Amino acid sequence: MNLKIVEYPDKKLRETSVKVEKFDDNLHQLLDAMNPIMINTNGIGLAAIQVGIAKEILVLNIPDEEGEQPPENLLEIINPVLSDMKGETTYQEGCLSVPSFYEDINRFEFISVNYQDRDGNTQYLEADGLLSIAIQHEYDHLKGILFIDKLTSSRRRKFEKEYKKMLKEKKKTN
Ligand code: Y12
Ligand code: CO
């Protein structure tokens, strides 16, 4: 499967993803293609809409203490429903669809997630720390929300200016 990361300001990223209904070979092929894209681009989370597919599919692999992302730590989350959001935390986030930009974002500290795995089995997890932040960031993608939408208006204006400049430079070198 030849997938490419969709980058801001592509309007595709604003689409609302739909629930997965068929847990078939097509879904497995997509999941198997999303994982290496995420790992090879130093990502820790990726939503299907970031590769142009508007379905409620997330892959995550939170680095361990050595900074490794072994395949056994891969988490595939389909049709997630978040609940029991509690507390508050701040983390400097980045996004594969918004390259070269990082900013402090407030999130809930603890969340619970009901979801399905690649075979359609119902699963449940409770998360805190980086996993909780990453799931909330990826879940937002399913609703067409980007972390830059959470910036103050002055910070957002600064971002738009810097990002435009970065895209211009990129165009020159390509
Ligand atoms: C905490 C904060 C954000 C998340 C969401 C998942 N975000 C990522 O996985 C971001 C990855 C990322 C990787 C980059 O490196 C490359 O593209 C090679 C990167 O650097 C550049 O764009 C130059 C930026 C972001 C989870 C938890
Ligand atoms: Co993102």
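The following refers to the structure shown.

Cut-off values and rules
- Residues numbered from 1 in each chain as written.
- Chains lettered and ligands numbered in written order.
- Predicted model: local features only at pLDDT ≥ 70, side-chain atom pairs only at ≥ 80, totals over all residues.
- Heavy atoms only, no water.
- Phe/Tyr/Trp six-rings, centres within 6.5 Å; stacked < 30°, edge-to-face > 60°.
- Helix = DSSP H or I, 4+ residues; strand = E, 2+ residues; numbered from the N terminus.
- Buried < 20%, exposed > 50% of the residue type's maximum accessible area, 1.4 Å probe, protein only.
- Polar contact = N/O pair within 3.5 Å; in protein donor to acceptor, adjacent residues only side chain to side chain.
- Contact = heavy atoms within 4.5 Å.
- Near = heavy atom within 4 Å.
- Areas by Shrake-Rupley, 256 points an atom, 1.4 Å probe, with all protein chains shown as cover.
- Nonpolar A, V, L, I, M, F, W, Y, C, P; charged D, E, K, R; others polar.
- Salt bridge = Lys/Arg side-chain N within 4 Å of Asp/Glu carboxyl O.

## Examining the packing of aromatic side chains
Stage number 1. Evaluation of the coordinates by the stated rule reveals five aromatic pairs.
Stage number 2. Centre to centre, the rings of Phe 159 and Tyr 163 are 5.1 Å apart; their planes meet at 40°, and the pair counts as tilted. Of this pair, Phe 159 and Tyr 163 both sit in helix α3 (residues 153-173), separated by four residues, roughly a single helical turn. Taken individually, Phe 159 and Tyr 163 each receive the classification buried, so the pair is uniform in this respect.
Stage number 3. Following the ring pairs from residue to residue traces out a cluster consisting of Tyr 8, Phe 101, Phe 147, Phe 159 and Tyr 163.

## Section: the side chain of His 137
Stage number 1. With respect to the helices and strands, His 137 occurs in helix α2 (residues 129-142).
Stage number 2. Reaching out from His 137, the side chain makes a polar contact with the side chain of His 141 at a distance of 3.4 Å.
Stage number 3. Sequence-distant contacts of His 137, that is, excluding residues within four places in its chain, are made with Glu 93, Gly 94, Cys 95, Arg 107 and Phe 147.

## Side note on the site of ligand 1
Stage number 1. Among the 18 residues in the neighbourhood of ligand 1, the closest are listed as Thr 41, Ile 44, Gly 94, Ser 100 and Tyr 102.
Stage number 2. In the model, an oxygen atom of ligand 1 is placed 3.3 Å from a nitrogen or oxygen of the Thr 41 main chain.
Stage number 3. Taking Gly 45, its main chain carries an N or O atom lying 3.5 Å from an oxygen atom of ligand 1.
Stage number 4. Considered on its own, ligand 1 offers 620 Å² of accessible surface; in the complex 78% of this is hidden by protein.
Stage number 5. Of all the secondary-structure elements, those providing two or more residues to the shell around ligand 1 are β4 (89-95), β5 (98-107) and α2.
Stage number 6. Here the shell around ligand 1 gets five residues from one element, more than from any other, and that element is α2.
Stage number 7. Across the shell around ligand 1, the residue classes tally to nine nonpolar, seven polar and two charged.

## Points about the pattern of salt bridges
Stage number 1. Inspection of the entire model under this criterion finds 14 salt bridges.
Stage number 2. Residues Glu 56 and Lys 19 are paired through a salt bridge, measuring 3.1 Å at the closest nitrogen-oxygen approach. Of this pair, Glu 56 sits in the loop between β1 (45-47) and β2 (57-60) while Lys 19 sits in the segment before α1 (25-40), placing them 37 residues apart in sequence.
Stage number 3. Taking the relative accessible area as the measure of exposure, Lys 19 reaches 45% and is therefore partly exposed.
Stage number 4. Glu 160 is paired through a salt bridge with Arg 156; the nearest N and O atoms lie 2.8 Å apart. On the criterion of helical spacing, the pair formed by Glu 160 and Arg 156 is a turn pair, its members being four residues apart in helix α3.
Stage number 5. Within the structure, one salt-bridge network assembled from shared partners comprises Arg 14, Asp 149, Arg 156 and Glu 160.

## Observations regarding unusual backbone geometry
Stage number 1. Of note, the amide linkage connecting Tyr 8 to Pro 9 takes the cis form, showing an omega dihedral of 10°.
Stage number 2. Looking at where Pro 9 falls in the secondary structure, it is placed in the segment before α1.
Stage number 3. The phi angle at Asn 79 is positive, at roughly 50°, despite the residue not being glycine.
Stage number 4. Tracing the backbone through its elements, the reader meets Asn 79 in strand β3 (residues 75-86).

## Some thoughts on the environment of Gly 52
Stage number 1. Relative to the assigned elements, Gly 52 resides in the loop between β1 and β2.
Stage number 2. For Gly 52, a relative accessible area of 28% corresponds to the partly exposed category.
Stage number 3. Sequence spacing of Gly 52 and Glu 15 is 37 residues, and the spatial spacing of their C-alpha atoms is 9.5 Å.

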